[in-house]
Protein chains: 2
Amino acid sequence: MTPPAEKRTPLSRERVLRAAVALADDGGIESLSMRRLASELGVVPMALYKHVANKDELLDGVVDVVVGEIDPPGTGAGWKAAVRQRILSARSALQRHSWAAQVIESRSTPTSAVLAYLNSMIGLFREGGLSIDLTHHVMHAMGSRILGFSQELFTAAPAVEPPAPAAMAQLAGTFPYVAELARAAAHTEDSVVGAGCDDQFEFEFALDLLLDGIERLHRSGWMSAQ
Amino acid sequence: MTPPAEKRTPLSRERVLRAAVALADDGGIESLSMRRLASELGVVPMALYKHVANKDELLDGVVDVVVGEIDPPGTGAGWKAAVRQRILSARSALQRHSWAAQVIESRSTPTSAVLAYLNSMIGLFREGGLSIDLTHHVMHAMGSRILGFSQELFTAAPAVEPPAPAAMAQLAGTFPYVAELARAAAHTEDSVVGAGCDDQFEFEFALDLLLDGIERLHRSGWMSAQ
DNA sequence: TTGACAGGTGTACGGCGTACACCCTACCGT
DNA sequence: ACGGTAGGGTGTACGCCGTACACCTGTCAA
């Protein structure tokens, strides 16, 4: 009995993927289910399967969306600066979608967008003059950090609870070194409120530690035993 | 009607955790469900909840089991050798349970076994003479590698399929640098059949890159800007 | 004897991914 | 004008998941 009404714009793979990213952005990755995504799009769950083969492919798709947000490599400057800048760009893309790292890690096979990114990254090293041999090992050494992963031990939410007064005392007794380090980190909180550590600083510290080491190996003409 | 029969030994938290580890060891992490675990133990699913609060706590428990397998720190030698050896021990524990890295990463809060491990790791640096400041940033820089994580971009199963002849050609066209690197890696396969890369070598390469950089910073009296 | 308690059971609910059969609409060549 | 085909949305159903809740049973202390 409803008049023709405005006919909703039909689904499309792209619309599905964008909605999936949006859904994960607010609500976290665990709220991205086929059923919820469908209802978000005002559609029955099975309708999605006309546009993505299954949930795995959906996840591959959202990974491609996120990776697509990484800036293209800059020009000029040396390989070191170019690599550094690109990785920081990747990191900021990952930070815009806090669930993305976890999803990328869960994939067993790289999507072609990821391959394209890796390809251009390898290119930066090679065109910077690094040998294939060194470039190969360097890619392994950088690992997922190349995609901007922080690789922290625990993403932790202690941002919400300060140190907790009593817990701190017990910590000091059982894990004195951890406690000492936590205290030291708390002092340096010239960053935001009580977040503890300056993630950006830590990331760049680690990144530069690696890049400097690589540069040293390169300059000394390092190569693996035969 | 069955006679009293031999009464099965009752469950216990430890028996549950051991069975969970065994179940994940063969069958992978996705085959570790409360229901399957229960049936493996000849018991009804809800029985498990008398020994673990919920699945999250079960996972925390299995993490503790795995972390408990890491060798205690060695004595003598310098901090660098001690750290190196301990991390390699952690790595071998993670390799014995290939699902463990993924599980540890999925936890949002460190179990106390992990904290104990971290504590002793921090201790190695501190007792080796590194400043609190440097130790702090170093712990961040090492990140999950401290637990033996490989941090490869993709664990990939290309071990089962060699390079695939046709795919390789297309790869060369679209991603020339990736292809070049893949070819280079394939040459060096002095390791096993066609696995491609020597994971152990790559891990130690990255580890030493970091440790050498850290040692250099330490010797030069590095400290963060105030 | 009683009663508390630890530990195993059975039933049930709501969520998940997705197989399969269906239907409706738009567009095609005749 | 007309039947055919195909793309895209639907409805139902299955088997899996984690787990809340009420229940039963055996053991041991008081």
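Structure first, text after, so check above.
What you see is a predicted model; the values in this text were computed from it and never measured.

Definitions and limits used
Residues numbered from 1 in each chain as written. Chains lettered and ligands numbered in written order. Predicted model: local features only at pLDDT ≥ 70, side-chain atom pairs only at ≥ 80, totals over all residues. Heavy atoms only, no water. Helix = DSSP H or I, 4+ residues; strand = E, 2+ residues; numbered from the N terminus. Buried < 20%, exposed > 50% of the residue type's maximum accessible area, 1.4 Å probe, protein only. Contact = heavy atoms within 4.5 Å. Areas by Shrake-Rupley, 256 points an atom, 1.4 Å probe, with all protein chains shown as cover. Least-squares fit on C-alpha atoms with pLDDT ≥ 70 in both. Near = heavy atom within 4 Å. Polar contact = N/O pair within 3.5 Å; in protein donor to acceptor, adjacent residues only side chain to side chain. Nonpolar A, V, L, I, M, F, W, Y, C, P; charged D, E, K, R; others polar. Core = buried A, V, L, I, M, F, W, Y, C linked by side-chain atoms within 4.5 Å. Domains from an automatic or database assignment.

Asker: Looking at this model, I keep getting lost on the overall build of chain A. Mind explaining?
Answerer: Of regular secondary structure, chain A possesses 10 helices and 0 strands. Going from N to C terminus, chain A has its helices and strands arranged as α-α-α-α-α-α-α-α-α-α. Considering chain A as a whole, with its 226 residues, one finds that 42% of them fall into the buried category. A fraction of 70% describes how many contacts in chain A between residues 6 or more apart in sequence connect residues 24 or more apart. Summed over all atoms, the accessible surface of chain A reaches about 11800 Å², with 58% contributed by carbon and sulfur.

Asker: What should I look at first to understand the relation of the copies chain A and chain B in this one?
Answerer: One copy of the chain maps onto the second through a rotation around an axis plus a translation along that axis. Least-squares fitting of chain A to chain B yields an RMSD of 0.0 Å, with the superposition described by an axial translation of 0.0 Å and a rotation of 180°. As the rotation angle and translation indicate, the two copies are arranged about a two-fold axis. A shared interface surface links the copies, since 100% of the contact residues of chain A are contact residues in chain B too.

Asker: I tried to follow the protein's contact with DNA strand C on my own but got confused; where do I start?
Answerer: Residues in contact with DNA strand C amount to 18 residues; listed here are only the nearest, Arg35(A), Tyr49(A), Met46(B), Lys50(B) and His51(B). Restricting the count to atoms of DNA strand C within 4 Å of the protein gives a sugar and phosphate share of 48%. The contact in question runs from a base nitrogen of DNA strand C to an N or O atom on the side chain of Arg35(A), over 2.3 Å. Its residues placed into classes, the surface near DNA strand C shows 9 nonpolar, 3 polar and 6 charged.

Asker: In this structure, what is going on with the nonpolar core? I would like to understand it.
Answerer: In globular proteins that are soluble, nonpolar side chains generally tend to be buried together. Judged by nonpolar contacts, the single largest core of 138 residues is most densely connected at Leu37(A), Tyr117(A), Leu37(B) and Tyr117(B). The residue makeup of this core includes at least three contributed by each of domain 1 (13–52) and domain 2 (67–154 + 196–219) of chain A. Beyond its immediate stretch of four places on either side in the chain, Tyr117(A) contacts Val67(A), Ile70(A), Arg86(A), Ile87(A), Ala90(A), Ile146(A) and Leu147(A).

Asker: Can you walk me through unusual backbone geometry in this structure?
Answerer: Most peptide bonds adopt trans geometry, and most residues besides glycine take a negative phi value. The phi angle at Ala77(A) is positive, at roughly 55°, despite the residue not being glycine. Residue placement: Ala77(A) occurs in the loop between helix 3 (55–67) and helix 4 (79–96). Not every positive phi belongs to a glycine, and Gln151(B) is a case in point at roughly 65°. Mapped onto the elements of the fold, Gln151(B) is located in the loop between helix 7 (132–142) and helix 8 (165–174).

Asker: Help me understand the protein's contact with DNA strand D in this model?
Answerer: With respect to spatial proximity, 18 residues lie near DNA strand D, and among them Lys50(A), Ser33(B), Met34(B), Arg35(B) and Lys55(B) are the closest. Close to the protein, within 4 Å, the atoms of DNA strand D are drawn from sugar and phosphate at a rate of 50%. For DNA strand D, a phosphate oxygen lies 3.0 Å from a polar atom in the backbone of Val44(A). One of the side-chain N or O atoms of Arg35(B) is found 2.3 Å from a base nitrogen in DNA strand D. Considering only residue class, the surface near DNA strand D consists of 9 nonpolar, 3 polar and 6 charged.

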